[in-house]
Amino acid sequence: MRFVLRFLGFATTLTSLVLISGSLAVGTLLWHLSADLPDHAELARYEPAVTTRLHAADGRIIAEFARENRLYLPLTAIPQRIVAAFLSAEDRHFYEHNGIDPKGIARALLANLASNEDRPQGASTITQQVAKNLLLSREQTYSRKIKEILLAFRIEEAFSKDRILELYLNEIYFGMGRYGIAAAALGYFDKSVHELTLAEAAYLAALPKGPNNYHPFRRPEAAMARRNWVLERMAANGYIAQDEADEAMEEAFVIDHRSVSPHETHAGYFAEEVRRELASRYGEATLYEGGLSVRTTLDPKMQAAARKSLVDGLVRFDEARGWRGAGARLASIDGDWGQRLAELPAFEDIHPWQQAVVLAVDVKGARIGLRPDRDGTGAVETGRRTGRIASQGIRWTGKSRMDDVLRVGDVVHVEPIEKLSSKYRLRQIPEISGALVALEPDTGRIRAMVGGFSFSQNEFNRVTQAWRQPGSTFKAVVYAAALDSGYTPSSLVLDAPLSIEQGAGRAPWSPGNHNGRYDGPSTLRVGLERSKNVMTVRLARDVGMPLVSDYARRLGVQDDLPPLLAMALGSGETTVLRMTTAYAMFVNGGRYIRPTLIERVQDRHGTTIFRHDRRACLACSAPSWHNQGAPKLTEDTEQVIDPLTAYQVTSLLEGVVERTLPRVFSGLNRPLAGKTGTTNDAKDLWFVGSTPELAVGVFLGYDRPRSLGRSAYGSRYAAPIVRAFLEQALADKPRTAFRVPAGIKLIPVDPDTGMRSAPGAGAILEAFKPGTEPPDAAPPPAAGQFPAEVPAREAFAPPGITYFR
């Protein structure tokens, strides 16, 4: 008996030790596995990554930036039938368990023990899937499963059931790059969650189990079967009636794949510029995960007009230089030419241009095969489309025979001659580059920006990143400095050959007018309208290049312009955006503006964290009205030049358009102040100008600067682009005049002499500051009366008139 008692005692002790050791081992294991799991505080702070969206000024989405394409919806915004579909498909006991389903885990464990598969089965509840999707790795191991269970318990303690379900519906991956129910509804059906049919909701509920297993294009039969299974589960669980389920099962399985691309609004350069600014301001983590809502300044109508106008101008210049040949060739067109054509690189943003391969050629025409589209999976569609290039489609090449232009196998670009037509015009990608930007003079809001022919071809934005010589467009800055230094629009400056010493051992610099013509004493207006180089240099020398450099800095043209006289003729480099902004400041009365692409930015919670308009309205928050006046916004902008000077420059630039570019802008029927620019050897062509509503800048040139030809001028190629753009952009806008500031006196003068004149008979209304008006009559001396050497400011001028050499 004693032996039995000893044995029982020993067995009890051993069992206790084993149990204690096992408990300690299990506890140690659980402690070890849970050591790196997030605590309740971390869980409470968790926010999933959300897509940043860019909106145009009219509200439409133009671009999205995300590492995971997700839009967050609170549970209260998700229809109950969608919730029911997911509960039926994934976890019908969700509101009953404490985070895990013991029966499900037991079933999965037995199945895994009986199976030789490398990948174990799971029995995850919705809470466990939240743990897995939000915070854990994707590895399929028992240790990860234990971690998942431990974290599920913590999540159940930290969150309510509704909060857990909300996280689940917003976190899970649905395939095709979509995360969360809102992004999935848009991506698969181009609908909001409230617009989904019962069958569509059931299909989305089927996807989390394995998006690739139920892919709508690769495995449509499996996708439909799984959708119908979810509908059966919803009926069995009492969420819907059986006849509703039956009716939904009969619904056709149709996917309306949605994608958002800035190419749809021709806004590739614009969207990328916004992306860079957001990344610089808030960091890439916030940009790609922070769910920012960005209202941009883009006007889609103006953007489309800007892109078309610039492309037409580039093509016009390029096609005048002839056909350069096909850019690529297919070695053979036998068999499926469409598959081989679809594998070649292509530009996504040059619609309505299309890529095509030449299938047959005769003297009068060519049969072409058009590049096939791809379906939602990326696979090339099986249908093949063909068309024909007739002789009229190659007329611009200067050749009459089609076989002198094209060969079988050539890969070319074509454009439909008419909509829904099988006839096409041959096109070629221009070698020349260019840029166009349009902004509001009063606010700096950039309404359109095109940084080149194609963003898909080259992401280099020539509006903001290309530093080029502005040529004669810079002369407006010199004239602004002169008008602020005592000159008037009627002041006379000698237009005659000039030689400037540059120091010992260096040849004198002798600037000349572009046409070699000199007109003797001429008014400032004549000097700017006829783009007189010598007069501009004389003005810059008289007022001093340090002052001109200071004006260039104030107007934002260049931050540190070297004070060299050659810079007065536009030799210093700047960007299209900077030059256009400077012209906008002339039109807005000399006020500084910050050009912006962004109107306002809100974080994921709807809090505004940036607003472009910083003006304060102190009386706007009055609780009630007591006969007080209307509230006014306080201006916070700096006055960079005198508003009277700004108007004088605007008036001079308006004369440039009216008297030197009448053919280009005839019929525009609205005031426009602007200036062309053509640099040495015609390497850069410009036009910068502004109406009261819109400032526009255009630049043309090769990315690696070289001459555009002896016949290339800004007036011939850049100005017509602005004309075409303004006609479209302002078509529905009323005609307005430039604002004349208080103090300006408009006096009729002779444009050649600057003297007062009777209205009409060739007289123009000239703008004068108080006390600077010209006398009634005083003829200027003839050009030959000027001595060879004269002081900078002539002393022998008649009263009220000053001549400058």
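See the structure shown above.
Residues numbered from 1 in each chain as written. Predicted model: local features only at pLDDT ≥ 70, side-chain atom pairs only at ≥ 80, totals over all residues. Heavy atoms only, no water.

Participant: I would appreciate a short explanation of the overall build of the protein chain in the present structure.
Facilitator: Secondary structure assignment for the protein chain yields 23 helices and 24 strands. Counting every position in the protein chain, which comprises 805 residues, the buried fraction comes to 51%. Carbon together with sulfur atoms contributes 51% to the accessible area of the protein chain, which is approximately 37500 Å² in total. (Helix = DSSP H or I, 4+ residues; strand = E, 2+ residues; numbered from the N terminus. Buried < 20%, exposed > 50% of the residue type's maximum accessible area, 1.4 Å probe, protein only. Areas by Shrake-Rupley, 256 points an atom, 1.4 Å probe, with all protein chains shown as cover.)

Participant: It is not clear to me how the packing of aromatic side chains should be interpreted in this structure. Could you clarify?
Facilitator: The description of an aromatic ring pair rests on the distance of the ring centres and on the angle between the ring planes. According to the stated counting rule, one finds 15 aromatic pairs in the structure shown. Between Trp-323 and Trp-396, the aromatic rings sit 6.0 Å apart at their centres with planes inclined by 75°, giving edge-to-face as the arrangement. A residue pair is termed long-range when its members are at least 10 positions apart, and Trp-323 in the loop between helix 14 (300-319) and strand 7 (328-329) and Trp-396 in the loop between strand 10 (386-390) and strand 11 (410-416) qualify at 73 residues. The pair formed by Trp-323 and Trp-396 is uniform in burial state, with each residue classed as buried. For the ring pair Tyr-583 and Phe-586, a centre distance of 5.8 Å and an interplane angle of 70° mean the geometry is edge-to-face. One end of the pair is Tyr-583 and the other is Phe-586, both in helix 20 (residues 576-587) and 3 residues apart, which spans about a single turn. (Phe/Tyr/Trp six-rings, centres within 6.5 Å; stacked < 30°, edge-to-face > 60°.)

Participant: Quick question: what am I supposed to make of the sheet that holds strand 13 (residues 433-439) here?
Facilitator: Two orientations exist for strands paired in a sheet by backbone hydrogen bonds: parallel and antiparallel. Taken together, 5 strands build an open sheet; the order of strands is 14-13-21-20-19 and the sheet is antiparallel. Sheet topology places strand 14 (446-450) and strand 19 (673-678) at the edges, where each strand pairs with a single neighbour. Across the sheet, the mean angle separating the axes of adjacent strands is 5° when strand polarity is ignored. Two strands pair when backbone bridges link them, and strand 19 and strand 20 (residues 685-690) are joined in this way by 6 bridges, in the antiparallel orientation. Looking at the pairing, Ala-673 lines up with Ser-690 of strand 20. On top of the sheet, helix 14 reaches strand 13, strand 14 and strand 21 (695-701); it is set at about 30° to strand 14, its chief contact. Helix-sheet contacts for helix 23 (residues 714-729) involve strand 13, strand 19, strand 20 and strand 21, and the interaxial angle to strand 21 is about 140°. (Pairing = 2+ DSSP bridges. Axes fitted to C-alpha atoms, helices over the stretch in contact; angles between N-to-C directions. Contact = heavy atoms within 4.5 Å.)

Participant: Just to check I follow, could you spell out empty space enclosed by the protein for this structure?
Facilitator: One pass over the structure, following the stated rule, counts 3 cavities of 30 Å³ or more. Taken as a whole, the largest cavity holds about 80 Å³ of empty space. Considering the residues around the largest cavity, the lining is formed by His-263, His-266, Ala-267, Gly-268, Tyr-269, Arg-307, Asp-349, Val-450, Gly-452, Phe-453, Ser-454 and Phe-455. A breakdown of the residues in the lining of the largest cavity according to their chemical character gives 5 nonpolar, 5 polar and 2 charged. The space that makes up the second largest cavity amounts to roughly 40 Å³. Along its surface, the second largest cavity is lined by Pro-470, Phe-474, Val-557, Gln-558, Leu-561, Met-567, Gly-572, Glu-573 and Thr-574. Looking at the lining of the second largest cavity residue by residue, the classes come out as 5 nonpolar, 3 polar and 1 charged. (1 Å grid on protein atoms, 1.4 Å probe; cavity = no way out; pocket = protein on both sides within 12 Å on 5 of 7 lines; lining within 4 Å. Points joined across faces, edges and corners; volume = space filled by probe spheres on them. Nonpolar A, V, L, I, M, F, W, Y, C, P; charged D, E, K, R; others polar.)

Participant: Help me understand the environment of Lys-191 in this model?
Facilitator: Residue position: Lys-191 is located in the loop between helix 8 (181-189) and helix 9 (198-206). Judged by relative accessible area, Lys-191 falls into the partly exposed class, the value being 21%. In this structure, the C-alpha to C-alpha distance between Lys-191 and Arg-258, residues 67 residues apart in sequence, is 9.1 Å. Excluding residues within four positions of it along the chain, Lys-191 makes contact with Ala-185, Leu-186, Leu-196, Thr-197 and Glu-200. Here the side chain of Lys-191 touches Glu-200 through a polar contact of 3.1 Å, side chain to side chain. (Polar contact = N/O pair within 3.5 Å; in protein donor to acceptor, adjacent residues only side chain to side chain.)

Participant: Sorry if this is basic, but what is going on with a negative patch on the surface here?
Facilitator: On the surface, Glu-232, Asp-243, Asp-246, Glu-247 and Glu-250 cluster together into a patch of negative charge. In terms of residues, the negative patch owes the most to one element, helix 11 (residues 242-249), which gives 3 residues. We classify Glu-247 as exposed; its relative accessible area is 61%. (Patch = residues over 30% accessible without salt bridge, like charges linked within 9 Å, V, L, I, M, F, W, Y side chains within 5 Å. Salt bridge = Lys/Arg side-chain N within 4 Å of Asp/Glu carboxyl O. Lys, Arg positive; Asp, Glu negative; His and termini not counted. Charge placed at Lys NZ, Arg CZ, Asp CG, Glu CD.)

Participant: What am I meant to see in the nonpolar core here?
Facilitator: One recurring pattern in soluble globular proteins is that nonpolar side chains are buried together. Counting 85 residues, the largest nonpolar core has Leu-54, Phe-270 and Phe-586 as its most contacted members. No other element matches helix 20, which puts 9 residues into this core. Residues within four places of Phe-586 in sequence aside, it is in contact with Ala-476, Val-477, Ala-480, Leu-555, Ile-641, Ala-646, Tyr-647, Val-649, Thr-650 and Leu-653. In terms of nonpolar packing, the next biggest core, distinct from the first, is built from 57 residues, Ala-84, Tyr-188, Ala-202 and Leu-204 among them. (Core = buried A, V, L, I, M, F, W, Y, C linked by side-chain atoms within 4.5 Å.)

Participant: Explain unusual backbone geometry here, please?
Facilitator: Most of the time, phi is negative for any residue but glycine, and the peptide bond is trans. For the peptide bond that leads from His-351 to Pro-352, omega is 15°, which places it in the cis range. Relative to the assigned elements, Pro-352 resides in the loop between helix 15 (337-342) and strand 8 (354-361). One non-glycine residue, Met-176, adopts positive backbone phi at about 50°. Structurally, Met-176 can be placed in the loop between strand 4 (173-175) and strand 5 (178-179). Of note, the phi angle at Asp-190 is positive, near 55°, even though the residue is not glycine. By the element assignment, Asp-190 lies in the loop between helix 8 and helix 9.

Participant: What is the right way to look at the packing of helix 14 against helix 23 in this model?
Facilitator: The angle between the axes and the distance between the axes are what describe a pair of packed helices. Here helix 14 crosses helix 23 at 155°, and the two axes come no closer than 9 Å. The angle between the axes of helix 14 and helix 23 places the two elements in the roughly antiparallel class. The two elements helix 14 and helix 23 meet at a crossing, and its hand is right-handed. Side by side, helix 14 and helix 23 meet where Lys-301, Met-302, Ala-305, Ala-306, Lys-308, Ser-309, Leu-310, Gly-313, Arg-316 and Phe-317 of the first sit next to Arg-716, Tyr-717, Pro-720, Ile-721, Ala-724, Phe-725, Gln-728 and Ala-729 of the second. Taken together, the residues that form the contact of helix 14 with helix 23 break down as 11 nonpolar, 3 polar and 4 charged. (Parallel < 35°, antiparallel > 145°, perpendicular 65-115°, else oblique. Left-handed = near helix turned anticlockwise from the far one by under 90°.)

Participant: Whenever I open this one, the pairing of strand 23 (residues 764-768) confuses me. Can you help?
Facilitator: Each regular strand shows side chains that alternate between the opposite faces of the sheet. With respect to burial, strand 23 is a largely interior element, 4 of its 5 residues being buried. Summarising the sheet, strand 22 (residues 745-749) and strand 23 pair through 5 bridges and their orientation is antiparallel. The residue of strand 23 that forms the bridge with Lys-745 is Phe-768.

Participant: Explain the pairing of strand 13 to me, please; I cannot follow it from the model alone.
Facilitator: Of all 7 residues making up strand 13, 7 are buried, and the element is well covered by its neighbours. Across 7 bridges, strand 13 lies against strand 21 in antiparallel orientation. Within strand 21, the position partnered with Ser-433 by the bridge is Gly-701. Relative to strand 14, strand 13 is paired through 4 bridges, and the arrangement is antiparallel. The residue bridging Val-437 from the neighbouring strand is Met-449, located in strand 14.

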